[in-house]
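# Topology and contacts: notes
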Amino acid sequence: TLDSGKGLYVCTSNICAAARTDAGQVRCNIQRNAFLDVRSDTFTKKMLMKLGVDHIVQGDKGYVIGDAAFELANIFEKNTRRPMKDGMISPLEPEAMLIVSLIISPLLGPPKENNEICAFSVPADPVDAERNVIYHKGALEQVLRKLGYTPRSVLEGHAVVFGELQDEKYTCIGISAGAGMFNICIAYRSMPALVFATSRGGDWIDNNVSTAIGIPASQVCA
């Protein structure tokens, strides 16, 4: 039995949902934040069913999402598409919000009670790029409200401080090393004194290795 209230970590590479049981244990669901578009014809559907790959059809388009998309991309030496880029909703992917909502919905499941709180992570503004999190934060809030949750945003680096450093009275440095960004929070007695991010993360490493040795970035990641 799960207690009321859930957490959601939204990263460029993975999305993870967490909840605490009545016994005090934490349960997590995790899914890769990626997708492949496929044909929605009968032949493609039959082939995916034979392979045991779940897919979603929206209108005249089909999508393989999550871990299955990553595995298929490696088999066929392709790169997955990403609904997020550099830690935020990608402006280059028209299906970004649809894919993110399709991944989040089964990870969280239905709310246990009306307007159950879901705390979700947001990155800090990067110091090496002209971007801010306003649109990204608002888009995720909209997704969670449609699922019946009351969204509460938490800075990613600050969440690390709260999650790991109670014994230090939350006076410490919290670092979240993600695929799109590195997020840093310097906290004094739980209050964030300095919060920032850099826009070079795991994806930046993968892409540079991919260029250097000539294989798809998804294979480098694997």
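Above this text is the structure in question.
Since this is a predicted model, take the numbers as computed values, not measurements.

### Regarding the nonpolar core
Grouped together as the largest cluster of nonpolar side chains are 25 residues, with contacts concentrated most on Leu8, Ile15, Ile65, Ile99, Ile104, Leu108 and Leu144. Put simply, the parts of the chain that give this core at least two residues each are β1 (2-10), β2 (14-21), β6 (61-65), α3 (96-108), β9 (116-122) and α4 (134-146). By residue number, the principal contributor to this core is α3, which donates 8 residues. Residues Leu48, Val64, Ala68 and Ala69 belong to the second largest nonpolar core, which totals 8 residues.

### A closer look at the environment of Val143
Structurally, Val143 is set in helix α4. In this structure the C-alpha to C-alpha distance between Val143 and Gln31, which are 112 residues apart in sequence, comes to 17 Å.

### Things to note about the sheet that holds strand β12 (residues 182-188)
If you trace the 3 strands from one edge of the open sheet to the other, you get β11-β12-β13, paired in antiparallel fashion. Because the sheet does not close on itself, it has two edges, and the strands there are β11 (172-177) and β13 (191-198). Direction aside, neighbouring strands of the sheet carry axes that sit 15° apart on average. With 6 bridges connecting them, β11 and β12 associate as antiparallel partners. The partner of Gly174 across the bridge, within β12, is Cys185. Taken strand by strand, helix α5 (residues 156-164) contacts β11, β12 and β13, and its axis lies near 120° from that of β11.

### Some details on the packing of aromatic side chains
Applying the stated criterion to the full structure yields 2 aromatic pairs. Between the NZ or CZ atom of Arg32 and the centre of the ring of Phe70, over which it lies, the distance is 3.8 Å.

### Brief notes about α4
The terminal C-alpha atoms of α4, which comprises 13 residues, lie 19 Å apart, in line with the 18 Å expected from a rise of 1.5 Å per residue. Among all positions in α4, only His136, Ala139, Leu140, Glu141, Val143 and Leu144 are buried. Looking at the packing, one finds that the buried side of α4 touches β1, β7 (84-85), β8 (88-89), α3, β9 and β10 (149-155). Note on α4: the residue one or two positions beyond its end, Gly148, has a positive phi of about 95°.

### Considering the packing of α3 against α4
The geometry of a pair of packed helices is captured by two quantities: the angle between their axes and the separation between those axes. In contact at an axis separation of 10 Å, α3 and α4 are set at 50° when each is read in the N-to-C sense. In terms of orientation, α3 lies oblique with respect to α4. Along this stretch, α3 crosses α4, giving a crossing that reads as right-handed. Judged by residue contacts, Met97, Val100, Ser101, Ile104 and Leu108 of α3 engage Tyr135, Ala139, Leu140, Val143 and Leu144 from α4. Tallied by class, residues from the contact of α3 with α4 come to 9 nonpolar, 1 polar and no charged.

### Some words on the sheet that holds β9
Judged by pairing direction, the sheet is mixed, and its 5 strands sit side by side in the order β3-β2-β1-β9-β10 without closing on themselves. Two strands lie at the open edges of the sheet, namely β3 (26-32) and β10, each paired on one side alone. Mean inter-strand twist for the sheet, computed between neighbouring axes without regard to direction, equals 20°. Alignment of β1 against β2, held across 6 bridges, turns out to be antiparallel. Each residue of the ladder has a partner; that of Tyr9, found in β2, is Cys16. With respect to the sheet, α4 is in contact with β1, β9 and β10, its orientation differing from that of β9 by roughly 155°. Sheet strands in contact with α5 are β1, β9 and β10, and its direction is about 90° off that of β10.

Procedures and definitions
- Residues numbered from 1 in each chain as written.
- Predicted model: local features only at pLDDT ≥ 70, side-chain atom pairs only at ≥ 80, totals over all residues.
- Heavy atoms only, no water.
- Core = buried A, V, L, I, M, F, W, Y, C linked by side-chain atoms within 4.5 Å.
- Buried < 20%, exposed > 50% of the residue type's maximum accessible area, 1.4 Å probe, protein only.
- Helix = DSSP H or I, 4+ residues; strand = E, 2+ residues; numbered from the N terminus.
- Pairing = 2+ DSSP bridges.
- Axes fitted to C-alpha atoms, helices over the stretch in contact; angles between N-to-C directions.
- Contact = heavy atoms within 4.5 Å.
- Phe/Tyr/Trp six-rings, centres within 6.5 Å; stacked < 30°, edge-to-face > 60°.
- Lys NZ or Arg CZ within 6 Å of the ring centre and 35° of its normal.
- Expected span 1.5 Å × (residues − 1).
- Parallel < 35°, antiparallel > 145°, perpendicular 65-115°, else oblique.
- Left-handed = near helix turned anticlockwise from the far one by under 90°.
- Nonpolar A, V, L, I, M, F, W, Y, C, P; charged D, E, K, R; others polar.

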